[in-house]
Amino acid sequence: MPSTLKIVSSLFAQDVLDGLSHPGQKELPSRYFYDDLGSALFEAITLLPEYGLTRADERLLQMHSPAIAQVAGVVSAVCELGSGSGRKTRFILDALRSQNGNLVYSPIDVSSAALANCTREVSDLATVRPVCADWMDGLQQLSRQRSEDPLLLLFLGSSIGNLSRIDLPQFLSRIAAALRPDDLFLLGVDLVKDVETMLTAYDDPTGVTAAFNLNLLGRINRELNADFDLRSFAHEVRWNSEERRIEMHLLSGRQQTVSIAELESTFDFEAGETIWTEASNKFVPAELVQLATASGFATLNAWTDQSWPFSEVLWKVR
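Note that this is a predicted model, so its numbers are computed, not measured. (Residues numbered from 1 in each chain as written. Predicted model: local features only at pLDDT ≥ 70, side-chain atom pairs only at ≥ 80, totals over all residues. Heavy atoms only, no water.)

A.B. asks: Looking at this model, I keep getting lost on the environment of Pro285. Mind explaining?
C.D. replies: Within the secondary structure, Pro285 sits in helix α10 (residues 285-294). We classify Pro285 as exposed; its relative accessible area is 54%. Measuring from C-alpha to C-alpha, the distance between Pro285 and Leu151 comes to 25 Å, with 134 residues separating the pair along the chain. (Helix = DSSP H or I, 4+ residues; strand = E, 2+ residues; numbered from the N terminus. Buried < 20%, exposed > 50% of the residue type's maximum accessible area, 1.4 Å probe, protein only.)

So this is what it looks like as structure tokens:
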């Protein structure tokens, strides 16, 4: 337990305090992976041979973007949640531009570096208006500023899998509420596959994913003046078959106490105790149709990669 009830001044600090004070399982929100260093490490992960998810996503978009654009119809504005570098988004923007002409593209990301890279990547295809914010704040901001033209919202790379299954219907309903009837939502979703393939994708032998995970503690050190010894924590990956999700943890290798000066707090760790940092839910196709219906969308189409089971699903706001 922390040694203080200090009132903190930032959401990051508050979430760290709440997560490390959590009774039972300590946890940290996965959205805090993506500072500038974390975003760069994630881009490296997408190049790993073990991480087939991003290549499947890219193959589907490259192959089916013309069909996606055709089903989408008249679209002049594109928004993307967690855009990253924007490399895969080029396929969609190119297909839409050839069909609709000039486009306005608004990537939303918490990393200013990722937004700068994204702007450079796609500025030849659209007018880019980046929004540095978290997903819902950015989407709410755009919903107040947008024109009357139809909008296509992108949520690629199976980022949806990082959300709790319990929270998914509410999250998707909030997305639908921030859009307008007949707006479109293109969602990248990783599907259930053999367990060894899924585990290795999140525990590569070169250790890039481990560095990505450990950087979360490094970020706390840098931004909240903490003294986590990163060498005394280890990256750990688990498959939760009941919840159909990959879990990433940081395992304490010894009994230790960590001080976080910004919180005026200390936190005790037992040897073998973990901090839960990410859940990556995997889905089955029927579940996606049910989620769409429950949250105010209609399913228009789905495209699935055969080499690495992954789907792009296109929904419309009802």
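A.B. asks: It is not clear to me how the side chain of Glu287 should be interpreted in this structure. Could you clarify?
C.D. replies: For Glu287, the position within the fold is in helix α10. Overall, the relative accessible area of 12% leaves Glu287 in the buried class. A distance of 2.9 Å separates a polar atom in the side chain of Glu287 from a polar atom in the side chain of Arg165. Setting aside its immediate chain neighbours within four residues, Glu287 contacts Arg165, Arg244 and Lys282. (Polar contact = N/O pair within 3.5 Å; in protein donor to acceptor, adjacent residues only side chain to side chain. Contact = heavy atoms within 4.5 Å.)

A.B. asks: Looking at this model, I keep getting lost on the packing of helix α3 (residues 52-72) against helix α4 (residues 89-100). Mind explaining?
C.D. replies: A pair of packed helices can be characterised by two numbers: the angle between their axes and the separation between those axes. With their axes 8 Å apart at the nearest point, α3 and α4 run at an angle of 20° to one another. In terms of their interaxial angle, α3 and α4 are classed as roughly parallel. Our pair here, α3 against α4, has a crossing hand that is right-handed. Counted together, Glu58, Leu61, Gln62, Ser65, Pro66, Ile68, Ala69 and Gln70 of α3 and Phe91, Ile92, Ala95, Leu96 and Gln99 of α4 form the full contact between these two elements. Residue composition of the contact of α3 with α4, by class: 8 nonpolar, 4 polar and 1 charged. (Axes fitted to C-alpha atoms, helices over the stretch in contact; angles between N-to-C directions. Parallel < 35°, antiparallel > 145°, perpendicular 65-115°, else oblique. Left-handed = near helix turned anticlockwise from the far one by under 90°. Nonpolar A, V, L, I, M, F, W, Y, C, P; charged D, E, K, R; others polar.)

A.B. asks: Would you mind showing me how to read the pairing of strand β11 (residues 265-269) here?
C.D. replies: With burial as the criterion, only one face of β11 is covered, namely that bearing Ser265, Phe267 and Phe269; the residues Thr266 and Asp268 on the opposite face remain uncovered. Sheet topology note: the strand β10 (residues 256-260)/β11 ladder contains 5 bridges and is antiparallel. Within β11, the position partnered with Ile260 by the bridge is Ser265. Linking β10 back to β11 in an antiparallel pair, the connection comprises 4 residues, with Glu264 at a positive phi of about 50°. (Pairing = 2+ DSSP bridges.)

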